Amino acid sequence: MNRPRIFLTHAEGVRRHYYDEMAVARLRGLGEVVLNHTGVALTTPQLIAAARDCQVIVSDRQAAAPAELFRRSPQLAVFLRCAVDIRNVDVAAATETGVLVTRASAGFATAVAEWAVGAMLDLFRHTSDYVLAHRHGQVARPQMGRELRGATLGVLGYGVIGRELGRLALAFGMRVLVSDPHRRVEDPDVEQREIDALLPDADVVVCLVPATPQTENLMDASRFAQMKRGAVFINAARGELVDEAALLHALDSGQLAGCAMDVGRAPDQMPSPALAVHPLVIATPHIGGLTPQAASHQALETVEQLAALMRGEMPPGAMNAPHATRLADLVPGLHPGYP
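Definitions and cut-offs
Residues numbered from 1 in each chain as written. Predicted model: local features only at pLDDT ≥ 70, side-chain atom pairs only at ≥ 80, totals over all residues. Heavy atoms only, no water. Helix = DSSP H or I, 4+ residues; strand = E, 2+ residues; numbered from the N terminus. Expected span 1.5 Å × (residues − 1). Buried < 20%, exposed > 50% of the residue type's maximum accessible area, 1.4 Å probe, protein only. Contact = heavy atoms within 4.5 Å. Axes fitted to C-alpha atoms, helices over the stretch in contact; angles between N-to-C directions. Parallel < 35°, antiparallel > 145°, perpendicular 65-115°, else oblique. Left-handed = near helix turned anticlockwise from the far one by under 90°. Nonpolar A, V, L, I, M, F, W, Y, C, P; charged D, E, K, R; others polar. Phe/Tyr/Trp six-rings, centres within 6.5 Å; stacked < 30°, edge-to-face > 60°. Lys NZ or Arg CZ within 6 Å of the ring centre and 35° of its normal. Pairing = 2+ DSSP bridges.

K.L.:
Quick question: what am I supposed to make of helix 8 (residues 160-171) here?
P.N.:
Taking 1.5 Å per residue as the helical rise, helix 8 with its 12 residues ought to reach 16 Å, and the 17 Å between its terminal C-alpha atoms agrees with that figure. Among the residues making up helix 8, those that are buried are Ile 161, Gly 162, Glu 164, Leu 165, Gly 166, Leu 168 and Ala 169. Looking at the buried positions of helix 8, the neighbouring elements they touch are helix 6 (109-125), strand 6 (152-156), strand 7 (175-179) and strand 9 (204-207). In the stretch just after helix 8, Gly 173 is the one whose phi turns positive, near 85°.

Structure below.
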């Protein structure tokens, strides 16, 4: 079997954080690796040109894969997404052209849940306010804080991150309410409610809902109005879930006492500048899952997915396995289909 050429889309700065040297070295054990040396995320025409002789693309979340990529890359057999989110990957076009698309699993549940706990503590104890005051040579004005113990946490979305956050919140002595129409909560210490019954009782609402057309602007003006006055809101999921004008109004009107956001509607899910500069907002640049453990999980998983394919096995995370007809060009004898 010939060793495949593999294009890694991650620009240098992104690669340093999300695809470290150990993962690159292991990828090189499977084939000839071509790196993105431009320093920036590639446009579709740039990606087509850079990967023109590559049978495999390992993609970061910023590298879009529209139909054009698959239709103009006749040599491409596998598109490995080093992330859970594949919304900017045209899987239907990949299927039409016989290219296998895979995605990584969520190895960042602990990292994001811990970020959310840190955001709660910061909002309840005004830590960032004091830090900013001192750094600007000002006298920090003490404010009354709140304890997590005894407070009510409302979790919107009860996937792996929501379950981990619930576990941590219970350890702090919080009451935990959950809203998720797609899951049944079996933990006897967690109470499941409809979202409209959860919001009025929660001191903290953490949004962890998947972004779909149905959940866009899930948190709109009416939902913020339903929240307990003086509660805080945290978004650790996707910017599209929040009507940002409504959030801004809720902060300015005093309906919300604060907000923390690791995502927003700016490019690459960054917090929107108009909200990030607000005095009641703690904004971080989409780093909830940026820990060595979380980043290594997804990078090494893409390596293992490719290794499995080269062993003649269909890996977990394959999105269109029955239609991946180009796999025969990469691994002779490997036929499309699930294991």
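Having put the structure on the table, let's press on.
K.L.:
Can you help me understand the packing of helix 6 against helix 8 in this one?
P.N.:
Between two packed helices, the angle of one axis relative to the other and the distance separating the axes together describe the packing. Between helix 6 and helix 8, the least distance of the axes is 8 Å, while the angle of their chain directions is 50°. By the criterion of interaxial angle, the relationship of helix 6 to helix 8 is oblique. Considering only the axes of helix 6 and helix 8, their crossing is right-handed. Contact residues: helix 6 offers Ala 109, Thr 110, Val 112, Ala 113, Glu 114, Ala 116, Val 117 and Met 120, while helix 8 offers Val 160, Ile 161, Glu 164, Leu 165 and Leu 168. Class assignment for the residues of the contact of helix 6 with helix 8 results in 10 nonpolar, 1 polar and 2 charged.

K.L.:
How should I be thinking about the packing of helix 2 (residues 21-28) against helix 13 (residues 292-310) in this particular structure?
P.N.:
Where helix 2 meets helix 13, the closest approach of the two axes is 9 Å, and the angle between their N-to-C directions is 5°. In terms of orientation, helix 2 and helix 13 fall into the roughly parallel class. For the pair helix 2 and helix 13, the contacting residues are Met 22, Ala 23, Arg 26 and Leu 27 in the first and Ala 299, Leu 300, Val 303 and Leu 306 in the second.

K.L.:
Can you walk me through the packing of aromatic side chains in this structure?
P.N.:
Each aromatic ring pair is specified by the distance between its two centres and by the angle formed by the two planes. Going through the model one piece at a time under the given rule, you end up with 2 aromatic pairs. Ring plane angle 75° and centroid distance 5.9 Å describe the contact between Phe 70 and Phe 79, whose orientation is recorded as edge-to-face. Judged by its relative accessible area of 0%, Phe 70 is buried. With centroids separated by 5.3 Å and ring planes inclined at 90°, the aromatic side chains of Phe 224 and Phe 233 adopt a geometry described as edge-to-face. Each of the two residues, Phe 224 as well as Phe 233, counts as buried. Against the face of Phe 124 rests Arg 146, its NZ or CZ located 4.3 Å from the ring centre.

K.L.:
Before we go on, may I ask you to explain the sheet that holds strand 2 (residues 32-35) in this structure?
P.N.:
The strands that make up a sheet are held in pairs by hydrogen bonds between backbone atoms, and each pair lies either parallel or antiparallel. Taking strand neighbours across the sheet as the criterion, the 5 strands line up as 2-1-3-4-5 in an open arrangement whose pairing is parallel. If you trace the sheet from one side to the other, it starts and ends with strand 2 and strand 5 (100-103), each paired once. Each strand of the sheet is rotated relative to its neighbour by a mean of 20°, with strand direction disregarded. Where strand 4 (residues 78-81) and strand 5 come together, 4 bridges link them in parallel fashion. Residue pairing across strands places Arg 81 opposite Arg 103, the latter belonging to strand 5. Where helix 2 meets the sheet, its contacts fall on strand 1 (5-8), strand 2 and strand 3 (56-59), and the angle it forms with strand 2 comes to roughly 135°. Across the sheet, helix 13 is in contact with strand 1, strand 3, strand 4 and strand 5; its angle to strand 4 comes to roughly 155°.

Interpretation note: all reported values are geometric properties and have no functional meaning in isolation.
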